Amino acid sequence: MFANEQRIKKHIENLSQFTKTPGAGVTRLTYSEEDLQARNYIKDKMIAYGLTVTEDGFGNIFGKLDGVYSGAPSVLVGSHFDSVPNGGAYDGTAGVVVGLEVAALFQEHQITPTYPLEVIALIEEEGTRYGGGLMGSRGMTGLFSREEFESFTDANGQLATDAMKEIGLDPSKVQYRDPETIKAFLELHIEQGPILEDKAIPIGIVESIVGLAQLEVTVKGRAGHAGTTPMNQRKDALVSAAKIIATLPEIAVLESEDTVITTGRLQVFPNGANVIPDQVVFTIDIRSTDEKHLFQAIEEVKALIETKNENGITTFVEQNLYIEPKALNKEIRSIFKQKSEELGIPHCSIHSGAGHDAMVFADVTASGMLFVPSLNGLSHCPEEYSDAGDLAKGANILFEAIKQLTESKIM
Ligand code: HGY
Ligand code: MN
Ligand code: MN
């Protein structure tokens, strides 16, 4: 029995309904009402597929199929279920749904694994609400402490722990996951780029993941009247911010071909059409496959920002995230390759220009990723689409790989 394409398609469609922006893509912020709707749906399906459901002190969801060796380390399979603003229905969600599909296949085949299987749905991978990103996996692997987490607030100043309680989650629960309890972490994800589609290949076996840094820059000047303040007496925070932002592409191009720099979010204060802005806050996302270039680009950007401290303008930079480029586990990659060949599914190796939770787990366990093609290479937008047939192919490969990794004896 193979993965059920219609069931996969249905789960993707149902989960895409849990959005704050119906008709304008998926907007599902961590600990929001939409999070709660998706969470309940995922937990219901985990129970339906015979899994025991728990949530940790961050609200990461786990569905466990106990193995013969109870207490043995688990094979984790899943992804994140939060989104960017007005994002797509597949980013993260596809990996959670395919994890559910693997559990359904274990149930249909009445397989009891030797090592436990856990389907996982991770929170706040995108960082849309709390900044930085990869929060669920970074928290689980101890990259920040409980005390630090208790200080996290969103743009409205609400504590993450209060937002958790509002949807019935308990931040006092266990947060850290001992790596000894994890045998492997596997994640299927949409490619979010054009390579697999251009090659007409349905499966990418991810070799490496780009290194990335996220900065938040604050530029301060002085508010004033747009009409009565002479040009040579202004301390216009937005003009200084604009000069920084306009220079970033040049830094990326001069650094290296695969270095990319993006400003995705910008806030102007007080944001009045006839008021000279006195404060601007914006993000800078810097990525490169080579850590040397990533490091160099960060230094260049910080030096550029420093030069804008002039004529009454002051700048401040906060680095919310830094994660070096990661190579994924060789043994997992060769298992994916072998299973793809046995199933007769065309595949290729691929590098990820997007960051993923798999890169966090790569520091503590054998971590592997499969990609499926993205229509027109689009992602982080309502037009995001991947074919359920490709997702089913990925589910079949994962099912075979997980049977091997959990040393499941086929009855
Ligand atoms: O930004 C990324 O690469 C991922 O979508 N969080
Ligand atoms: Mn994303
Ligand atoms: Mn993602």
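Residues numbered from 1 in each chain as written. Chains lettered and ligands numbered in written order. Predicted model: local features only at pLDDT ≥ 70, side-chain atom pairs only at ≥ 80, totals over all residues. Heavy atoms only, no water.

**A few points about the coordination of the manganese ion (ligand 2)**
Step number 1: Coordination sphere of the manganese ion (ligand 2), protein contribution only: D91 (OD), E126 (OE) and H380 (NE2), at 2.1 Å.
Step number 2: When the donor residues of the manganese ion (ligand 2) are listed from N- to C-terminus, their spacing reads D-x34-E-x253-H.
Step number 3: Separating the manganese ion (ligand 2) from the manganese ion (ligand 3) is a gap of 3.4 Å, which D91 spans by donating to each of them. Note that D91 is positioned in the loop between β3 (74-80) and α3 (93-108) and H380 in the loop between β16 (366-372) and α12 (388-405), a separation of 289 residues in sequence. (Donors = N, O, S within 2.8 Å, 3.2 Å for Na, K, Ca; no water. Helix = DSSP H or I, 4+ residues; strand = E, 2+ residues; numbered from the N terminus.)

**With respect to the coordination of the manganese ion (ligand 3)**
Step number 1: With distances of 2.1 to 2.3 Å, the protein atoms coordinating the manganese ion (ligand 3) are H80 (NE2), D91 (OD) and H189 (NE2).
Step number 2: Each donor residue of the manganese ion (ligand 3) belongs to the same chain, with the gaps between them written as H-x10-D-x97-H.

**What to know about the site of ligand 1**
Step number 1: Ligand 1 sits among E125, E126, R287, A354, G355 and H380.
Step number 2: Between an oxygen atom of ligand 1 and a side-chain N or O atom of H380, the distance comes to 3.1 Å.
Step number 3: When ligand 1 sits alone it has 210 Å² of accessible area, and the protein chains cover 86% of it.
Step number 4: Here the shell around ligand 1 is composed, by residue class, of one nonpolar, two polar and three charged. (Near = heavy atom within 4 Å. Polar contact = N/O pair within 3.5 Å; in protein donor to acceptor, adjacent residues only side chain to side chain. Areas by Shrake-Rupley, 256 points an atom, 1.4 Å probe, with all protein chains shown as cover. Nonpolar A, V, L, I, M, F, W, Y, C, P; charged D, E, K, R; others polar.)

**Description of the packing of aromatic side chains**
Step number 1: This structure, assessed with the given rule, holds eleven aromatic pairs.
Step number 2: Ring geometry for F58 against F149: centres 4.9 Å apart, planes inclined by 85 degrees, an arrangement best described as edge-to-face. Of this pair, F58 sits in the loop between β1 (52-55) and β2 (61-65) while F149 sits in helix α5 (residues 146-151), placing them 91 residues apart in sequence. You'll find F58 and F149 in the same group, each marked buried.
Step number 3: With centroids separated by 6.3 Å and ring planes inclined at 20 degrees, the aromatic side chains of F144 and F149 adopt a geometry described as stacked. (Phe/Tyr/Trp six-rings, centres within 6.5 Å; stacked < 30°, edge-to-face > 60°. Buried < 20%, exposed > 50% of the residue type's maximum accessible area, 1.4 Å probe, protein only.)

**Examining the pattern of salt bridges**
Step number 1: Applying the stated rule across the entire model yields 19 salt bridges.
Step number 2: The partner of R39 in a salt bridge is D35, with the nearest N and O atoms 2.8 Å apart. On the criterion of helical spacing, the pair formed by R39 and D35 is a turn pair, its members being four residues apart in helix α2 (residues 33-48). D35 shares its class with R39; the two are buried.
Step number 3: A salt bridge links D290 to K292, with the shortest nitrogen-to-oxygen separation between them at 3.5 Å.
Step number 4: Linked through salt bridges whose partners overlap, the residues forming this network are D35, R39, K43 and E55. (Salt bridge = Lys/Arg side-chain N within 4 Å of Asp/Glu carboxyl O.)

Distances and angles like these do not, on their own, reveal function.
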